[in-house]
Amino acid sequence: METFFQDMRYGLRLLIKRPGFTAVAVIALALGIGANSAIFSVVNGVVLRALPYKDPEQLMMVWSKRPLLQAQVGSAEFPVSAGDFIDWRDQNQVFEQIAAFHTQPFNITGAGEPEFLGGVRASASLFSLLGVEPKLGRTFTVDEDQPGAGQVVLISHGLWQRRFGSDPNIVGQKLTLNDQPYTVVGVLPAGFQFPRKGEMPAGYQFPRQADLYTPLAWTPAQATNRGRNFLAVIARLKPQVTIEQAGAEMDAIAEQLKQQYPQTNTNKEAFLVALHQQVVGKVRTALLVLLGAVGFVLLIACANVANLLLARAASRQKEMAIRTALGASRFRVIRQLLTESVLLSLVGGTLGLLLALWGIELLLAISPGNLPRIDTIGIDGRVFAFTLAISVLTGIGFGLAPAIQVSKPDLNDALKEGGRASSVGHNRFRGLLVVSEVALSLVLLIGAGLMIRSFVALLNVDPGLNAKNVLTLDIGLPRTKYTGPQQTAFFEQVIARLQALPGVQSAGAVYPLPLSGAEEGMGFNIDGRQSVPGQAFNAGPRWVSNEYFNTIGISLLRGREFTERDNAGSPRVVVINDAMARAYWPDEDPLGKRVSFDQINEAPNWREIVGVVRDVKHSAVDANSKPEMYFPFPQFPLFFMTVVVRTTGDPLNLVAAARSEVLAVNADQPISNIHTMEELIANSIAQRRFNMLLLGIFAGVALLLSAVGIYGVMSYSVAQRTHELGVRMALGAQTSHVVSLVVKQGMALALAGVGIGLAAAFALTRIMASLLYGVSATDPLTFSVIAVLLASVALLACYLPARRATKVDPMIALRYE
């Protein structure tokens, strides 16, 4: 132990004596280690950390799978009907508990300003299934989950603080939700959110965080309905039961239901996915790619520091020779040198941890809003241990090879006065490090180039609408106060008042709003045509007002748009998008064709297609257009709509006036989710922007470190060859010849690294194929341009030392030792 502390003290003195060397090495290591710690903190918080529920590894999401619709919708996860859920709950033998829930927006009035809140209706068993205990009060009882007994509410900790001032007596108070009285029975603990925004599949997104929870309390008719699929289902596996065993039993139950209810369940299966996979599955690949990228940056930083150590080793050959001559074993010399390397890396790791703290703040600032579990990202014990581990391993990694090289000096040559040890082995190893740096940098640069090209392709995607100067705001009406005709009248009044405002060009309403995260599918029939297995008729329903197409900028391709004549008393009509026309009427005109919807209680059920509009990117900018059908809102009113307003100037300047006009129609009606359409489009590609930005930064750092590494190696090589170059110039060698000689040496290493890097990138970029859009993971243009770019940077890094070599006075060079 004493010798260890001696080594530490000696190593520390050496680092202090060489402040320039120490500063360069520490900064390079701090960048690499800090970047790794910052990204690992994200991976740790999002992917590795257990979900904040009791025994989270036993929690499963159970969805309805529709093989015939999966290809069209692009998802295997469909909501579940109430009837199917009850059968699953009563017949399974593999779950300890099973619960259902669905989104439910609420208007809260009476206490303060009216507010539109996200809510969830859930089975009474949900909270015990998750192992969540309320901060105040209790959760739901089984009796409260019965029909007509669900007028109780649990509120989130955030709502309790924000709206009720953390009132300790909130339990038992009455709240007016959607014009109905609800009794507060409990306050949920701080940090609890279930489900969180972005955690559900694309077709079943929750557009906002939940602040209110109420029991499902189905009516008997709702409990037996198998045609309306609107529930998400979560279950807890029994101990010793695997997900495969549970899946097999659920498949058997689904098969039995197919036999019992052929009209509704023929195309339904059960689909299980671990809750952790449900939450993080969409971002896992991207985060692991980023973690791999910062790992490459750290390796490049290590190669640079190893080169610095090898350069410094030349000046320590005599010291090591004296140690060896005095009896020091080779192991003792290696231990001393490794101690110095580890000490250097620990200093770099300490600075890197400080950089990681700043880097995490930056990551949180630029991260997309739908990044799951973002509140869990930070420095904890695991991140600290990771930083310490990579600091120690890094010190051993970059210090071992130089230590081995230096620990076997040629005593006869090294102990001579003015003698210089052979550096052939050193140069060979330094060249190997340069090749590896170039190869790693090329892989990172190609990955970044692919991400940039992918992002540019996304920016050039036509969303199918004109997003400029469009304001969007959500309005949810209490269904107990507004029936169908009243819902129509309310939105028509609001739209008329908004259209009369100065600076407003037009206004309309829609549900669901493009790129809002909400997406639904609806089966339908075609007059005179029978669907066959594998060719189910399905399209996404959209409910719109008369002026919607004009306001949002969706072009009419054929037929007509909706007019005021398409009201509740007129013949039923529908407008479809071009994708639906191509899918179901590829060789004929769809105008005049009729479609019907079994799950909609209408008379008559047939709707005539009166128009075809262009395709709109509804679910995401990078998603393929799917069949969609638009209903005139007066013929099919809803309690929830998004109002869209096109303005002549900045749409956000209209928010206060729009809120006043809504309150003028109903003084208790809040608005929420206020965005511009351009903001929604930007949010749709935020995750890809985040990935591109980080990978681009890491690639830029890698390029800089590689260029510095090549420059350092060539500068050292020129210094070693000063005598040789002096002889050449004294004998009449031209400047261009000397430059060419040095550049060829450096470019041979760089081109070897480029070749290896191209091969590695060809294999590794396939991993990120799911993160790309509009470009292949092996895109030849990206590969060739990046290779030329890196080779050009390497050429510059070689040229500068070569040019400097020609400025040496031959007489001075000839005396160089």
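As the structure is a computational prediction, the values presented were derived from the model and not from experiment.

**Q** So what about the overall build of the protein? Which residues, and what values?
**A** Check the secondary structure of the protein and you find 25 helices and 24 strands. For the protein, the residues scored as buried account for 54% of the 817 residues in total. A separation of at least 24 residues holds for 81% of the contacts in the protein among residues at least 6 apart in sequence. For the protein, the accessible area works out to roughly 34600 Å², and carbon and sulfur atoms hold 58% of it.

**Q** Run through the pairing of strand β19 (residues 573-577), naming residues and quoting values.
**A** Taking burial as the measure, the 5 residues of β19 include 5 buried ones, the bulk of the element. The alternating pattern of β19 places Val573, Val575 and Asn577 on one face and Val574 and Ile576 on the opposite face, and all of these are buried. Taken together, the 5 bridges between β19 and strand β21 (residues 607-613) define a ladder with parallel strand orientation. Across the sheet, the residue bridging to Asn577 is Val613, located in β21. The pairing of β19 with strand β22 (residues 628-632) spans 2 bridges and is classified as antiparallel. Bridge assignment links Ile576 to a residue of β22, and that residue is Met629.

**Q** Explain the packing of aromatic side chains to me, using residue names and the numbers behind them.
**A** One pass over the structure, following the stated rule, counts 23 aromatic pairs. Note on Phe127 and Phe192: the rings are 6.2 Å apart at their centroids and 50 degrees apart in plane angle, and the pair reads as tilted. Placement of Phe127 in helix α5 (residues 126-130) and of Phe192 in the loop between β9 (180-187) and β10 (210-215) is noted, with a sequence separation of 65 residues between them. For the residue pair Phe127 and Phe192, the accessibility class agrees, reading buried in each case. Three or more aromatic residues joined by ring pairs form one cluster here, namely Phe116, Tyr511, Trp543, Phe631, Phe636 and Phe640. Its guanidinium or amino end placed over the ring of Tyr261, Arg226 lies 3.7 Å from that ring's centre, counting from NZ or CZ. In this arrangement the basic side chain of Arg766 is found over the ring face of Phe762, its NZ or CZ atom lying 4.4 Å from the centre.

**Q** I'd love a proper account of the nonpolar core, names of residues and values included.
**A** In summary, soluble globular proteins display a tendency toward joint burial of nonpolar side chains. Core analysis: the biggest nonpolar cluster contains 145 residues, and Leu130, Phe194, Tyr213, Ile234 and Tyr630 have the highest contact counts within it. Per-element accounting of this core gives the leading share, 20 residues, to helix α10 (residues 275-314). When sequence neighbours within four positions are dropped, the list of residues in contact with Ile234 reads Met60, Met61, Gln97, Ile98, Ala99, Phe101, Leu126, Leu129, Leu130, Phe194 and Leu275.

**Q** Quick rundown of the pattern of salt bridges? Include the residues and the values.
**A** Taken as a whole and assessed by the stated rule, the structure comprises 24 salt bridges. A salt bridge links Glu628 to Arg542, with the shortest nitrogen-to-oxygen separation between them at 3.3 Å. Note that Glu628 is positioned in strand β22 and Arg542 in strand β17 (residues 538-544), a separation of 86 residues in sequence. Assigned by exposure class, Glu628 and Arg542 land together as buried. Of the charged contacts in the structure, one is a salt bridge between Arg688 and Asp622, with a shortest N-O distance of 2.7 Å. Note that Arg688 is positioned in helix α21 (residues 686-720) and Asp622 in the loop between β21 and β22, a separation of 66 residues in sequence. Assessed through its relative accessible area of 25%, Asp622 is described here as partly exposed.

**Q** Run through unusual backbone geometry, naming residues and quoting values.
**A** Here Phe194 and Pro195 are connected by a cis peptide whose omega angle stands at -15 degrees. Tracing the backbone shows Pro195 in the loop between β9 and β10. Here the amide bond leading from Tyr511 into Pro512 is cis, since omega sits at -10 degrees, within 30 degrees of zero. For Pro512, the location among the structural elements is in the loop between β14 (504-511) and β15 (522-523). Its identity is not glycine, yet Ser166 carries a phi of approximately 55 degrees, on the positive side. You will see that Gln240, though not glycine, has its phi angle at about 75 degrees, which is positive. Turning to its location among the elements, Gln240 is positioned in the loop between β11 (229-237) and α8 (243-260).

**Q** Account for the pairing of strand β1 (residues 59-65), with residues named and values stated.
**A** For β1, the buried fraction is high: 6 of the 7 residues fall into the buried class. Bridging between β1 and strand β12 (residues 269-274) involves 6 bridges; their strand directions are antiparallel. Across the sheet, residue Trp63 finds its bridge partner in β12, namely Phe271.

**Q** Break down helix α23 (residues 735-764) for me, citing the residues and quoting the values.
**A** For an α-helix, the turn length of 3.6 residues means that residues three or four places apart are oriented alike. Over its 30 residues, α23 extends 42 Å from the first C-alpha to the last, a length consistent with the 44 Å expected when each residue adds 1.5 Å. Within α23, burial applies to Val738, Val739, Val742, Val743, Gly746, Met747, Ala750, Gly753, Val754, Gly757 and Ala761.

**Q** Outline the confidence of the model for the protein, listing residues and values.
**A** Mean pLDDT for the protein: 83, with 84% of residues reaching 70 or above. Scored below 50 in pLDDT, residues 417-422 makes 7 contacts in the model with residues more than four places away or belonging to other chains. Considering only residues more than four positions removed or in separate chains, one finds that residues 599-604, a stretch of pLDDT under 50, has 9 contacts.

**Q** Account for the packing of helix α4 (residues 82-91) against α8, with residues named and values stated.
**A** The N-to-C vectors of α4 and α8 enclose an angle of 130 degrees; their axes lie 11 Å apart at closest approach. The angle between the axes of α4 and α8 places the two elements in the oblique class. Note on packing geometry: the crossing formed by α4 with α8 is right-handed. Contacts between α4 and α8 pair Asp84, Asp87, Trp88 and Gln91 from the former with Glu249, Met250, Ile253, Gln256 and Leu257 from the latter.

**Q** Lay out the environment of Thr648 in plain terms, naming residues and giving numbers.
**A** In this structure, Thr648 sits in the loop between β23 (640-647) and α19 (655-665). Once you skip the residues sitting within four places of it in the chain, Thr648 turns out to touch Asn469, Gly503 and Gln505.

**Q** Go over the side chain of Asn666 with me, naming the residues and quoting the values.
**A** Relative to the helices and strands, Asn666 resides in the loop between α19 and β24 (672-676). The class for Asn666 is buried, based on a relative accessible area of 9%.

**Q** Give me the lowdown on the packing of helix α16 (residues 484-499) against α19, citing residues and values where you can.
**A** The contact between α16 and α19 brings their axes to 9 Å, and the two run at 140 degrees. As judged from the angle between their axes, α16 and α19 are oblique. Like other packed secondary-structure pairs, α16 and α19 cross with a definite hand, here right-handed. Here Phe490, Gln493, Val494, Arg497 and Leu498 of α16 lie close against α19, whose contacting residues are Ala658, Glu661, Val662, Ala664 and Val665. Classifying every residue of the contact of α16 with α19 gives 7 nonpolar, 1 polar and 2 charged.

**Q** Would you mind going over the environment of Arg373 in detail, with residue names and values included?
**A** Within the element layout of this structure, Arg373 appears in the loop between α12 (330-366) and α13 (381-406). On the accessibility criterion, Arg373 (5% relative accessible area) is buried. Distance in space between the C-alpha atoms of Arg373 and Val47 is 8.8 Å, their sequence separation being 326 residues. Here Arg373 is in contact with Gly45, Val46, Arg49, Ala50, Leu51, Pro52, His276, Val279 and Val280, once residues within four sequence places are set aside. A polar atom in the side chain of Arg373 sits 2.8 Å from the backbone oxygen of Ala50.

Conventions adopted
- Residues numbered from 1 in each chain as written.
- Predicted model: local features only at pLDDT ≥ 70, side-chain atom pairs only at ≥ 80, totals over all residues.
- Heavy atoms only, no water.
- Helix = DSSP H or I, 4+ residues; strand = E, 2+ residues; numbered from the N terminus.
- Buried < 20%, exposed > 50% of the residue type's maximum accessible area, 1.4 Å probe, protein only.
- Contact = heavy atoms within 4.5 Å.
- Areas by Shrake-Rupley, 256 points an atom, 1.4 Å probe, with all protein chains shown as cover.
- Pairing = 2+ DSSP bridges.
- Phe/Tyr/Trp six-rings, centres within 6.5 Å; stacked < 30°, edge-to-face > 60°.
- Lys NZ or Arg CZ within 6 Å of the ring centre and 35° of its normal.
- Core = buried A, V, L, I, M, F, W, Y, C linked by side-chain atoms within 4.5 Å.
- Salt bridge = Lys/Arg side-chain N within 4 Å of Asp/Glu carboxyl O.
- Expected span 1.5 Å × (residues − 1).
- pLDDT = per-residue confidence, 0-100.
- Axes fitted to C-alpha atoms, helices over the stretch in contact; angles between N-to-C directions.
- Parallel < 35°, antiparallel > 145°, perpendicular 65-115°, else oblique.
- Left-handed = near helix turned anticlockwise from the far one by under 90°.
- Nonpolar A, V, L, I, M, F, W, Y, C, P; charged D, E, K, R; others polar.
- Polar contact = N/O pair within 3.5 Å; in protein donor to acceptor, adjacent residues only side chain to side chain.

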